[in-house]
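# Descriptive structure summary
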Amino acid sequence: MNPLALMIFLLSLAIGTTITLSSYHWILAWVGLEINTLAIIPLMTKIPHPRAIEAATKYFLTQAAASALVLFSSLINAWQTGEWNIDSVSDLPMNALSIALMMKLGLAPLHFWMPEVLQGISLSTGLILSTWQKIAPMTLLLQTSHLINLDLTIILGLTSILVGGWGGIGQTQLRKIMAFSSIGHLGWMIIVLKFNPSLTLFNFILYIVMTASMFLSLMTLTTTKMSEISTSWSKTPTLTASTLLILLSLAGLPPLTGFAPKLLITLELVKQDATLLAALIMLASLLALFFYLRLTYIVSLTLPPNTPNSFSFWRTSNKSLPITAIMNTLALIFLPLTTTLLIFL
């Protein structure tokens, strides 16, 4: 892609998210979401392949439907209350608005577009879709967290954790595995949204760090399938080992970074007398833990070839190695600093 065009699209992404973050009016928030949607579609189609065109079409249709629902619910709210402020939303428009934002995020059962779209696009665009594109709708949910229906968040959160675990079990494509991982993590965030919004924000920050580090590692290894990771041992053993550890961090195993949000969310639910819900989501997350462990075990121990056929090792491009190293370090050993981050939130 032309560097000038790429810069314009990335700048549009930044502007769209900034407009939504700084808006107090529903129309401004909607405009920011629309700019975000329209800016990423050319990035999806920069590789002229039928799968990429199909992914961009699916993404556009689902995001357009969600944006229309956002606009419709804000219009109904303005008709009922006479206000366009984000803070003042009545019950019926708030339910429709929550469903629209959760559709933009890719929460189950509104998740069907997410694995297919992520599978059809490049890793760099997948990184933007899995991290940056979720900032604007998640911020709107955080701003309206005191108005959201508790039953809706619990049902959709629990469904997302179950779907994220079940969907990822049979996958061999790493982008689809990351899509189902994203659905599961968003389920954890939404469940605690009504109880403690700052904890949802904390989980979201760590989710972005871990997902970005995983995608950056896959981009450096130029890997999209499980079998391709096993061949990367001979090229970059350190990066491959850290990639597998990031998978375990995404699973939430101690003492890695991903353990902190799961522990704190479980403690918060117990503190709110939702012990049964805490037990349910921990049991549901065992499904995700199973496919992460299976992926790590299969890739590291069983898939051939683990040794090179030639004496000269292949070399990977080291364009993104510094940022990859920083993000990998944060995704693995940030656990001791999480309490400091919570103080600032």
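Residues numbered from 1 in each chain as written. Predicted model: local features only at pLDDT ≥ 70, side-chain atom pairs only at ≥ 80, totals over all residues. Heavy atoms only, no water.

What follows concerns the overall build of the protein chain. Helix and strand counts for the protein chain stand at 16 helices and zero strands. For a compact globule of 345 residues, the expected C-alpha radius of gyration is about 20 Å, and the protein chain comes in at 20 Å, within 12% of that figure. With the C-alpha coordinates of the protein chain rotated into their principal frame, the extents come out at 75 × 50 × 35 Å. Excluding contacts between residues fewer than 6 apart, the proportion of contacts in the protein chain whose partners are at least 24 apart in sequence is 77%. Accessible surface, the protein chain as shown: approximately 14,900 Å² in total, 72% of it carbon and sulfur. Across the protein chain, the mean location of the 15 positive side-chain charges is 19 Å away from that of the 10 negative side-chain charges. (Helix = DSSP H or I, 4+ residues; strand = E, 2+ residues; numbered from the N terminus. Rg over C-alpha atoms; globule rule 2.2 N^0.38 Å. Contact = heavy atoms within 4.5 Å. Areas by Shrake-Rupley, 256 points an atom, 1.4 Å probe, with all protein chains shown as cover. Lys, Arg positive; Asp, Glu negative; His and termini not counted. Charge placed at Lys NZ, Arg CZ, Asp CG, Glu CD.)

So, on to the side chain of S181. Within the secondary structure layout, S181 lies in helix 9 (residues 174-191). Overall, the relative accessible area of 3% leaves S181 in the buried class. Residues contacting S181, with those up to four places away along its chain left out, are L250 and Y292. (Buried < 20%, exposed > 50% of the residue type's maximum accessible area, 1.4 Å probe, protein only.)

Among the structural elements, L156 can be located in helix 8 (residues 150-169). Using a relative accessible area of 9% as the deciding quantity, one classes L156 as buried. Leave out the neighbours within four places in its chain, and L156 touches M102, A108 and P109.

We now examine the packing of aromatic side chains. On inspection of all chains with the given rule, the structure shows three aromatic pairs. Consider the rings of F291 and Y292, whose centres lie 4.6 Å apart with planes at 35°: the pair is tilted. Here F291 falls in the buried class, since its relative accessible area comes to 1%. The side chain of K262 reaches across the aromatic face of W188, ending 5.2 Å from its centre. (Phe/Tyr/Trp six-rings, centres within 6.5 Å; stacked < 30°, edge-to-face > 60°. Lys NZ or Arg CZ within 6 Å of the ring centre and 35° of its normal.)

Within an α-helix, residues lying three or four positions from one another point in the same direction, as the helix has 3.6 residues per turn. Burial of helix 5 (residues 113-120) is extensive: seven of the eight residues sit out of reach of the surface. Among the residues of helix 5, W113, M114, P115, V117, L118, Q119 and G120 are the ones counted as buried. Looking at the packing, one finds that the buried side of helix 5 touches helix 2 (26-44), helix 3 (50-81), helix 4 (91-105), helix 6 (123-130), helix 9 and helix 10 (197-221).

What follows deals with the domain arrangement of the protein chain. For the protein chain, the assigned domains read domain 1 (1-120) and domain 2 (148-344). Here domain 1 and domain 2 have C-alpha centroids that lie 24 Å from each other. The partner domain 2 presents 20 residues to the 16 residues of domain 1 that form the contact. The three residues of domain 1 that bury the most area against domain 2 are L107, L118 and Q119, which together make up 33% of that side's buried surface. The tally of links between domain 1 and domain 2 comes to one salt bridge. K176 is paired through a salt bridge with E116; the nearest N and O atoms lie 3.4 Å apart. Linking domain 1 to domain 2 there are four residue pairs in polar contact (both at pLDDT 80 or more). (Domains from an automatic or database assignment. Buried area = accessible area lost by both parts, 1.4 Å probe. Salt bridge = Lys/Arg side-chain N within 4 Å of Asp/Glu carboxyl O. Polar contact = N/O pair within 3.5 Å; in protein donor to acceptor, adjacent residues only side chain to side chain.)

Let's shift gears to the pattern of salt bridges. The final tally for this structure, using the stated rule, is four salt bridges. Linking K58 and E54 is a salt bridge whose minimum nitrogen-to-oxygen distance equals 2.9 Å. Of this pair, K58 and E54 are both found in helix 3, four residues apart, which corresponds to roughly one turn of the helix. Linking E268 and K271 is a salt bridge whose minimum nitrogen-to-oxygen distance equals 3.4 Å. In this pair, E268 and K271 both sit in helix 13 (residues 259-271), three residues apart, roughly one turn of the helix.

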